[in-house]
Amino acid sequence: MKITDIEIFCADFEPSSPNEPIFIKINTDSGISGFGEAGVAYGKAKQGAIGQLRDFSKLIIGQDPFTIEKIWDQLYRDTFWGQGGGTVIFSAMSAIDIALWDIKGKALNVPVYELLGGKTRDKIRAYASQIQFGWDKTETPLDGIEKLAIAAKKAVDEGYTAIKVDPLQRDENGNKNRRNDGFLTQKKLNLCRDRLVAIRESVGDDVDIILELHAKTDVNSALQISRLVNDLNIYYMEEPCGSLNPQLFKELKNKIDIPLAAGERIYTRYGFKPFLENRSLDVIQPDIATCGGISEAKKICDMARIYDVLVQPHVCGGPISNAAALQIEAVIPNFCIHEHHIGNLSDFTRNLGEHDIQPINGYIDVPEGPGIGQNIPEGIMNKCNIITVN
């Protein structure tokens, strides 16, 4: 089997959608194709990732798609910029890697999880992510306090046993807070506490609350916040400071009792290595579509297992990255919980994939289809501008 051509396309045909997932389709001379995704659906890296995919695609034409490790190492070592990488390069490598695993699973007629060692679970526990935007098909930045509690309760009523909220991403009027670092004013601290208390009272003591801070805080403000919420049984605190300095996380870990999580902007095993070695994170959050793909994510998860660190893959893109995460989560013993982002409730995102994978009573059944268990329908591809490399 040989790779014949690669199609690159972006789902940017819906102006109202905050996400524009970038997909690839790797075609082979056997008629089997695999789908991948570059995890830069939001932010300002779309064109860079598309360009990088064009460059990398030229290197793999004619190769055997089963030689996944060989191709990954080639892209990392022989492209000069692969080593050191960064978001754009590693997102392109991730997309290619996911598509190659998809091809291999389809060719052997097994789910990818079988090729990674087999399942350790049949169902994947999921949490409702980013309820500061409500919990509905349309993301609506919420103002005040009680609206966040109502959104959290709505998710719980649907069967979720965990929710995630950033209580400081929006101010009391629903406007975006640009910064939450340094020493926070008492007004901001009160708003943060009041929202979390309202959510806790709304969902009860048995629901896990993940405190999201999006790295918009620093060590100073994170310490202030931690003192406010010690009595609320926070499941873990996510990105309480910038995620490039493991010493900062270590300082926080030494001073607070709340478990710490980060990793959506950390790439490859080399990026995670210092955070694992100093045990500054309790939960790591590699994004399968940016960290290096399925191949690299499995290595990262196995490294984390040595240090009793849990894994919650970051999922905030399209249906291919979500499907790839589920394959990893089905296998690894140190899985924590699956992120089901509010964006996955929109009609736009739900229609991008051949299968609409949604939690039922807070759990997702492990997909049993061959490969990653997800495809992009022809109708969606036909709406996109397609770049073909052959």
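Residues numbered from 1 in each chain as written. Predicted model: local features only at pLDDT ≥ 70, side-chain atom pairs only at ≥ 80, totals over all residues. Heavy atoms only, no water.

### A closer look at the nonpolar core
Nonpolar side chains in soluble globular proteins generally cluster together in the buried interior. Membership of the largest hydrophobic core comes to 120 residues, with the highest contact counts inside it found for I26, I131, I163 and I294. With 11 residues, the top contributor of residues to this core is helix 3 (residues 87-108). Contact partners of I131, with chain neighbours within four places excluded, come to L142, L148, A151, A152, I163, K164, V165 and I199. Among the nonpolar cores identified, the runner-up in size contains eight residues, and Y127, A162, I210 and V283 belong to it. (Core = buried A, V, L, I, M, F, W, Y, C linked by side-chain atoms within 4.5 Å. Buried < 20%, exposed > 50% of the residue type's maximum accessible area, 1.4 Å probe, protein only. Helix = DSSP H or I, 4+ residues; strand = E, 2+ residues; numbered from the N terminus. Contact = heavy atoms within 4.5 Å.)

### Things to note about the packing of helix 5 (residues 146-157) against helix 6 (residues 186-203)
For the pair helix 5 and helix 6, interaxial distance at closest approach is 8 Å and the crossing angle is 35 degrees. Relative to helix 6, the crossing made by helix 5 is right-handed. Along the contact surface, helix 5 presents E146, L148, A149, A152, K153 and V156, while helix 6 presents R195, A198, I199, S202 and V203. (Axes fitted to C-alpha atoms, helices over the stretch in contact; angles between N-to-C directions. Left-handed = near helix turned anticlockwise from the far one by under 90°.)

### A few points about the pattern of salt bridges
Within the structure shown, the criterion is met by 28 salt bridges. As a salt-bridge pair, K123 and D365 come within 2.5 Å of each other at their nearest N and O atoms. Of the two residues, K123 is situated in strand 4 (residues 123-129) and D365 in strand 12 (residues 363-365); the sequence distance between them amounts to 242 residues. By relative accessible area, which is 47% here, D365 ends up partly exposed. E212 is the partner of K164 in a salt bridge, and the nearest nitrogen-oxygen pair spans 3.5 Å. Separated by 48 residues along the polypeptide, K164 in strand 5 (residues 162-165) and E212 in strand 6 (residues 208-212) bring together distant segments of the chain. Take K164 and E212: they sit in the same class, and that class is buried. One connected set of salt bridges, linked through shared partners, spans K164, E212, E238 and E339. (Salt bridge = Lys/Arg side-chain N within 4 Å of Asp/Glu carboxyl O.)

### Brief notes about the side chain of N177
As for its position among the elements, N177 is in the loop between strand 5 and helix 6. Side-chain polar atoms of N177 contact the backbone oxygen of L168, separated by 2.8 Å. (Polar contact = N/O pair within 3.5 Å; in protein donor to acceptor, adjacent residues only side chain to side chain.)

### Examining helix 2 (residues 68-77)
Here helix 2 has its buried residues at I68, I71, W72, Q74, L75 and Y76. On its buried side, helix 2 packs onto strand 1 (3-10), helix 1 (46-60), helix 3, helix 9 (268-277) and helix 10 (293-306).

### Examining the environment of P274
Relative to the helices and strands, P274 resides in helix 9. Given the relative accessible area of 31%, P274 is considered partly exposed. Spatially, the C-alpha atoms of P274 and N245 are 8.9 Å apart, while their sequence positions differ by 29 residues.

### What about unusual backbone geometry?
Positive phi outside glycine occurs at A215, with the angle close to 60 degrees. Looking at the secondary structure, you find A215 in the loop between strand 6 and helix 7 (219-229). Look at A215 and you get partly exposed, because its relative accessible area is 23%. A positive phi is found at T268, a non-glycine position, where the angle reads about 60 degrees. By secondary structure assignment, the location of T268 is in helix 9. Exposure remark for T268: the relative accessible area of 3% places this residue in the buried category.

### Some details on the sheet that holds strand 1
The strand order across the open sheet built from four strands is 3-2-1-13, with neighbouring strands paired in antiparallel fashion. The open sheet has two edge strands, strand 3 (33-38) and strand 13 (386-389), and neither has a second partner. Between one strand axis and the next, the sheet turns by 20 degrees as a mean value, whatever way the strands run. Summarising the sheet, strand 1 and strand 2 (residues 22-28) pair through seven bridges and their orientation is antiparallel. Within strand 2, the residue paired with E7 across the bridge is K25. Here helix 3 sits on the sheet and contacts strand 1, strand 2 and strand 3; the angle it forms with strand 3, its principal contact strand, is near 155 degrees. Strand contacts of helix 11 (residues 319-331): strand 2 and strand 3, with the helix running at about 100 degrees to strand 3, the strand carrying the most contacts. (Pairing = 2+ DSSP bridges.)

### What about the UniProt feature "domain: Mandelate racemase/muconate lactonizing enzyme C-terminal" (unreviewed entry) in the protein chain?
Taking the UniProt record as the reference, the feature "domain: Mandelate racemase/muconate lactonizing enzyme C-terminal" (unreviewed entry) is found at residues 145-259. From the first C-alpha to the last, residues 145-259 spans 25 Å; its make-up is 44% helix and 12% strand. (UniProt positions renumbered as here; feature names shortened; annotations may be inferred.)

### A short note on the state of the cysteines
Evaluated as defined, the whole model comprises zero disulfides. With no disulfide partner, C10 has as its closest neighbouring cysteine sulfur the one in C384, 7.0 Å distant. (Disulfide = S-S within 2.5 Å.)

### Let's talk about the packing of aromatic side chains
If you walk through the whole model with that rule in mind, you get 10 aromatic pairs. An angle of 10 degrees between the planes, with centres 5.9 Å apart, marks the rings of Y76 and Y270 as stacked. Taken together, the positions of Y76 in helix 2 and Y270 in helix 9 put the pair 194 residues apart, joining distant regions of the chain. The class of Y270 is partly exposed, set by a relative accessible area of 45%. Considering the side-chain rings of F249 and F275, the 5.9 Å spacing of their centres and the 75 degrees angle between planes classify their relative orientation as edge-to-face. Here F249 is found in helix 8 (residues 246-255), whereas its partner F275 is found in helix 9, with 26 residues between them in sequence. (Phe/Tyr/Trp six-rings, centres within 6.5 Å; stacked < 30°, edge-to-face > 60°.)

### Things to note about the packing of helix 3 against helix 10
Between helix 3 and helix 10, whose axes approach to 6 Å, the crossing angle comes to 95 degrees. With respect to each other, helix 3 and helix 10 are oriented roughly perpendicular. Two secondary-structure elements touch here, helix 3 through S94, D97, I98 and W101 and helix 10 through G293, I294 and S295. For the contact of helix 3 with helix 10, the class distribution of residues is three nonpolar, three polar and one charged. (Parallel < 35°, antiparallel > 145°, perpendicular 65-115°, else oblique. Nonpolar A, V, L, I, M, F, W, Y, C, P; charged D, E, K, R; others polar.)

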